[in-house]
Amino acid sequence: MKQNNQKKEKINIYLANPRGFCAGVDRAIKMVEQSLKIYGKPIYVRHEIVHNRHVVEKLKKLGAIFVDSLDEIPNNKYPVIFSAHGVPKSVPKEAKLKKLTYFDATCPLVSKIHREVEFFDKKNFEIILIGHSNHPEVIGTMGQVNNSKIYLIENIEDAMKLHVNNKNHLAYVTQTTLSIDDTAEIIKILKKRFPKIQEPKKDDICYATTNRQEAIKRIAKKCNYVVIIGAYNSSNSLRLVEVAKNNGCKDSFLIQKNNDFNWEKIINNTNIGLSASASAPEELVIDFINECKK
């Protein structure tokens, strides 16, 4: 709750648009909700369906049980849903061996990258994946092919020092939730080092990530603070904070809920930029705005 008792004369909120749930997140959440209606409690979900504690806790109350491994599911009478981030090919194979009923909530734009990786693999290309180590989307994408044929790079330094076996038979793909600007720099280096590198037919960074980052760029310079509502383990949340800092608002930060915000920052004539990550519900944005009015 807000602790500042100082009278406020004026607070401007610059509300980013678009913000909040993307289509892939909305689809995944509805898949869990509909499965609970059809099959009853419990429904198992492998990994957080999306990276947002508010969403996860809400689904838990409805009867969803979140697990890290299929071994945690006691028997095969309970369905399991794979998260929006996607899974390695080994996971549905394991589910079939265990005779589990499973549903795949992988975002269609992540599935697109899986198909690209398969395509390049069939052409016998080595593949560079630009992404963040240990992120579930990256784990799922790398798990589509033999590990010896795919290289993970995270930054410009990795791109500069990467060694491949055949630079003339090489392709790249990217994680969907990266910084547009940072990724462009990495790709520029890869194209310079490997002139024959093949690229995806369409950009892999999803339109929701792109649009939300562009919306932050439009408001950042006007703001004393930019607040992103999201999750600390959410790639697209963290990238929005980086974009705000890199585009004129150094005092930008991520919160999961109102209680995470230092309300002492709210003083007269403060300009606050506000957005929510692609996995954060609009109700959290409304809660923040209502708190500002108090």
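An account of the accompanying structure is given in this report.

Calculation rules
Residues numbered from 1 in each chain as written. Predicted model: local features only at pLDDT ≥ 70, side-chain atom pairs only at ≥ 80, totals over all residues. Heavy atoms only, no water. Helix = DSSP H or I, 4+ residues; strand = E, 2+ residues; numbered from the N terminus. Rg over C-alpha atoms; globule rule 2.2 N^0.38 Å. Buried < 20%, exposed > 50% of the residue type's maximum accessible area, 1.4 Å probe, protein only. Contact = heavy atoms within 4.5 Å. Areas by Shrake-Rupley, 256 points an atom, 1.4 Å probe, with all protein chains shown as cover. Lys, Arg positive; Asp, Glu negative; His and termini not counted. Charge placed at Lys NZ, Arg CZ, Asp CG, Glu CD. Core = buried A, V, L, I, M, F, W, Y, C linked by side-chain atoms within 4.5 Å. Axes fitted to C-alpha atoms, helices over the stretch in contact; angles between N-to-C directions. Parallel < 35°, antiparallel > 145°, perpendicular 65-115°, else oblique. Nonpolar A, V, L, I, M, F, W, Y, C, P; charged D, E, K, R; others polar. Disulfide = S-S within 2.5 Å. Phe/Tyr/Trp six-rings, centres within 6.5 Å; stacked < 30°, edge-to-face > 60°. Left-handed = near helix turned anticlockwise from the far one by under 90°. Pairing = 2+ DSSP bridges.

### Overview of the overall build of the chain
- Helices and strands together make up the secondary structure of the chain, namely 10 helices and 11 strands.
- What you see for the chain is a C-alpha radius of gyration of 21 Å, in line with the 19 Å of a compact globule of 294 residues.
- Dimensions of the chain, computed from C-alpha atoms along their principal axes, come out at roughly 65 × 55 × 25 Å.
- Counting only residues that meet the buried cut, the chain has 52% of its 294 residues in that class.
- In the chain, 75% of the contacts between residues at least 6 apart in sequence involve partners at least 24 apart.
- Here the chain has roughly 14,600 Å² of accessible surface; of this, 49% comes from carbon and sulfur atoms.
- Put simply, the chain has 46 plus and 33 minus side-chain charges, and the middle of one group is 3 Å from the middle of the other.

### Examining the nonpolar core
- Counting 21 residues, the largest nonpolar core has Val32, Ile49, Val50, Leu59 and Phe66 as the members making the most contacts within it.
- With five residues, the top contributor of residues to this core is helix α1 (residues 23-39).
- By size, the runner-up hydrophobic cluster in this structure holds 17 residues, among which are Leu178, Ile186, Ile189 and Leu190.

### Section: the environment of Ser237
- With respect to the helices and strands, Ser237 occurs in helix α9 (residues 235-246).
- Look at Ser237 and you get buried, because its relative accessible area is 0%.
- When the C-alpha atoms of Ser237 and Thr177 are compared, they prove to be 8.9 Å apart, with 60 residues separating the residues in sequence.
- Contacts of Ser237, omitting those with residues within four sequence positions, involve Ile228, Gly230, Ala231, Leu254 and Ser277.

### Quick look at the packing of α1 against helix α2 (residues 53-62)
- α2 packs onto α1 with a crossing angle of 10 degrees between their chain directions and a minimal axis gap of 10 Å. Put simply, α1 runs roughly parallel to α2. Residues Ile29, Val32, Glu33 and Leu36 of α1 touch α2, and the partners they reach there are Val55, Leu59 and Leu62.
- Taken together, the residues that form the contact of α1 with α2 break down as six nonpolar, no polar and one charged.

### Some thoughts on the state of the cysteines
- Within the structure shown, the criterion is met by zero disulfides.
- No disulfide involves Cys206; its nearest neighbouring cysteine sulfur is the one of Cys22, lying 5.9 Å away.

### A closer look at the packing of aromatic side chains
- This structure, assessed with the given rule, holds nine aromatic pairs.
- Each ring, one from Tyr39 and one from Phe103, has its centre 5.8 Å from the other, and the planes form 45 degrees; the classification is tilted. You can see Tyr39 sitting in helix α1 and its partner Phe103 sitting in strand β5 (residues 102-104), a full 64 residues away along the chain.
- Tyr39 sits in the partly exposed class, given a relative accessible area of 44%.
- When its relative accessible area of 26% is taken as the criterion, Phe103 is described as partly exposed.
- Clustering of aromatic rings is evident, with ring pairs tying together Phe253, Phe261, Trp263 and Phe288.

### Observations regarding the packing of helix α8 (residues 207-220) against α9
- Between α8 and α9, the shortest axis-to-axis distance is 9 Å and the interhelical angle comes to 30 degrees. Between α8 and α9, the interaxial angle falls into the category roughly parallel. The handedness of the crossing between α8 and α9 comes out as right-handed. On the side of α8, the interface is formed by Arg212, Gln213, Ile216, Lys217 and Ala220, while α9 contributes Arg239, Leu240, Val243 and Ala244.
- Partitioning the contact of α8 with α9 into residue classes produces five nonpolar, one polar and three charged.

### Some remarks on the sheet that holds strand β8 (residues 170-174)
- Strand order in the open sheet formed by three strands is β7-β6-β8, with parallel pairing between adjacent strands. The open sheet has two free edges, formed respectively by β7 (150-153) and β8, since each of these has just one partner strand. For this sheet the average axis-to-axis angle between neighbouring strands, irrespective of direction, equals 25 degrees.
- When strand β6 (residues 126-130) meets β7, the two strands line up parallel, connected through four bridges. Bridging from a neighbouring strand, Leu129 pairs with Leu152 of β7.
- Along the sheet, helix α7 (residues 180-193) contacts β6, β7 and β8; its crossing angle with β6, the most-contacted strand, is approximately 155 degrees.

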